[in-house]
Amino acid sequence: MAKIENKAQYDWAVKRVEELLPFVGDHTPLDDPNSIELELLSNMVADYSEEHFAIGEPTLADIIKLRMFEMNITQSKLSEMLNISPSRISEYITGKSEPTLKIAREISKKLNIDAKIVLGV
């Protein structure tokens, strides 16, 4: 098996990796059969996971919502901070519209979000 092709193979490989872990440590020789098997299976599991379970990049809306949560502020409070209407904030956090350059700068400053993220650079 050079590549995991389906979920059943993935589940088997994950189980086998878990079985091998107790037998391979920092001082296990690289040519040990358990070490070789663990390395190969771990790489295949990682490749399959990346292809099938990747989370993806967060959207600007996701980042704004996260910062609002972290700062414990509401949409109303954010609209006051940015001096725009609550409905405009709602459009940003639902992804229905993108902020103007001026508002993007304010979001970056007031929410302490990297300007490159806000501007989509």
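These figures come from a predicted structure and were not determined experimentally.

1. Here we look at the packing of aromatic side chains
In step 1: All chains considered together, the criterion is met by 3 aromatic pairs.
In step 2: Centre to centre, the rings of tyrosine 48 and phenylalanine 53 are 6.0 Å apart; their planes meet at 70 degrees, and the pair counts as edge-to-face.
In step 3: Classification of tyrosine 48 as buried rests on a relative accessible area of 8%.
In step 4: For phenylalanine 53, a relative accessible area of 41% puts it in the partly exposed group.
In step 5: Every member of this aromatic cluster is reached through a ring pair, and the members are Tyr10, Tyr48 and Phe53.

2. Some remarks on the nonpolar core
Inside soluble globular proteins, nonpolar side chains tend to come together where they are buried.
In step 1: Judged by nonpolar contacts, the single largest core of 18 residues is most densely connected at Ile64, Leu78, Ile89, Tyr92, Ile107 and Leu111.
In step 2: Every element with two or more residues in this core is listed here: helix H3 (60–71), helix H4 (75–82), helix H5 (86–93) and helix H6 (101–111).
In step 3: Apart from the residues lying within four places of it in its own chain, the contact partners of tyrosine 92 are Ala61, Ile64, Ile84, Ser97, Glu98, Pro99, Thr100, Ile103 and Ile107.

3. Examining the environment of methionine 44
In step 1: Within the fold, methionine 44 resides in helix H2 (residues 33–52).
In step 2: Expressed as a C-alpha distance, the spacing of methionine 44 and leucine 119, which sit 75 residues apart in the sequence, is 36 Å.

4. Some words on unusual backbone geometry
Of all residues except glycine, most have a negative phi; of all peptide bonds, most are trans.
In step 1: Located in the positive-phi region is asparagine 72, a residue other than glycine, with phi close to 55 degrees.
In step 2: Turning to its location among the elements, asparagine 72 is positioned in the loop between H3 and H4.
In step 3: For asparagine 72, a relative accessible area of 72% translates into the label exposed.
In step 4: Of note, asparagine 83 is a non-glycine position whose phi angle comes to about 60 degrees, a positive value.
In step 5: Using a relative accessible area of 70% as the deciding quantity, one classes asparagine 83 as exposed.

5. Here's the deal with the confidence of the model for the chain
In step 1: The share of residues in the chain with pLDDT of 70 or more is 98%, and the mean pLDDT across the chain is 90.
In step 2: Confidence, read as mean pLDDT per element, is least for helix H7 (residues 115–119) in the chain (83) and greatest for helix H1 (residues 7–20) (94).

6. What to know about the packing of H3 against H6
In step 1: Relative orientation of the contacting elements H3 and H6 amounts to 35 degrees, with a least axis distance of 11 Å. Regarding H3 and H6, the two cross each other, and that crossing is left-handed. For the pair H3 and H6, contact is made by Ile64, Arg67 and Met71 and by Ile107, Lys110 and Leu111, respectively.
In step 2: Grouping the constituent residues of the contact of H3 with H6 by class yields 4 nonpolar, no polar and 2 charged.

7. With respect to the pattern of salt bridges
Should their charged atoms come close, side chains of opposite charge can pair.
In step 1: Scanning the model with the defined rule gives 6 salt bridges in all.
In step 2: The partner of arginine 16 in a salt bridge is glutamate 19, and the shortest N-O contact between them spans 3.1 Å. One end of the pair is arginine 16 and the other is glutamate 19, both in helix H1 and 3 residues apart, which spans about a single turn.
In step 3: On the accessibility criterion, glutamate 19 (35% relative accessible area) is partly exposed.

8. Observations concerning H2
In step 1: Between the first and last C-alpha of H2 there are 28 Å, a value that for 20 residues agrees with the 28 Å anticipated at 1.5 Å per step.
In step 2: Buried within H2 we find Ser35, Leu38, Leu41, Met44, Val45, Tyr48 and Ser49.
In step 3: Where the residues of H2 are buried, they touch H1.
In step 4: Of the residues that open H2, the one with a side-chain oxygen 2.9 Å from the backbone nitrogen of asparagine 34 is aspartate 32.

The rules behind these values
- Residues numbered from 1 in each chain as written.
- Predicted model: local features only at pLDDT ≥ 70, side-chain atom pairs only at ≥ 80, totals over all residues.
- Heavy atoms only, no water.
- Phe/Tyr/Trp six-rings, centres within 6.5 Å; stacked < 30°, edge-to-face > 60°.
- Buried < 20%, exposed > 50% of the residue type's maximum accessible area, 1.4 Å probe, protein only.
- Core = buried A, V, L, I, M, F, W, Y, C linked by side-chain atoms within 4.5 Å.
- Helix = DSSP H or I, 4+ residues; strand = E, 2+ residues; numbered from the N terminus.
- Contact = heavy atoms within 4.5 Å.
- pLDDT = per-residue confidence, 0-100.
- Axes fitted to C-alpha atoms, helices over the stretch in contact; angles between N-to-C directions.
- Left-handed = near helix turned anticlockwise from the far one by under 90°.
- Nonpolar A, V, L, I, M, F, W, Y, C, P; charged D, E, K, R; others polar.
- Salt bridge = Lys/Arg side-chain N within 4 Å of Asp/Glu carboxyl O.
- Expected span 1.5 Å × (residues − 1).
- Polar contact = N/O pair within 3.5 Å; in protein donor to acceptor, adjacent residues only side chain to side chain.

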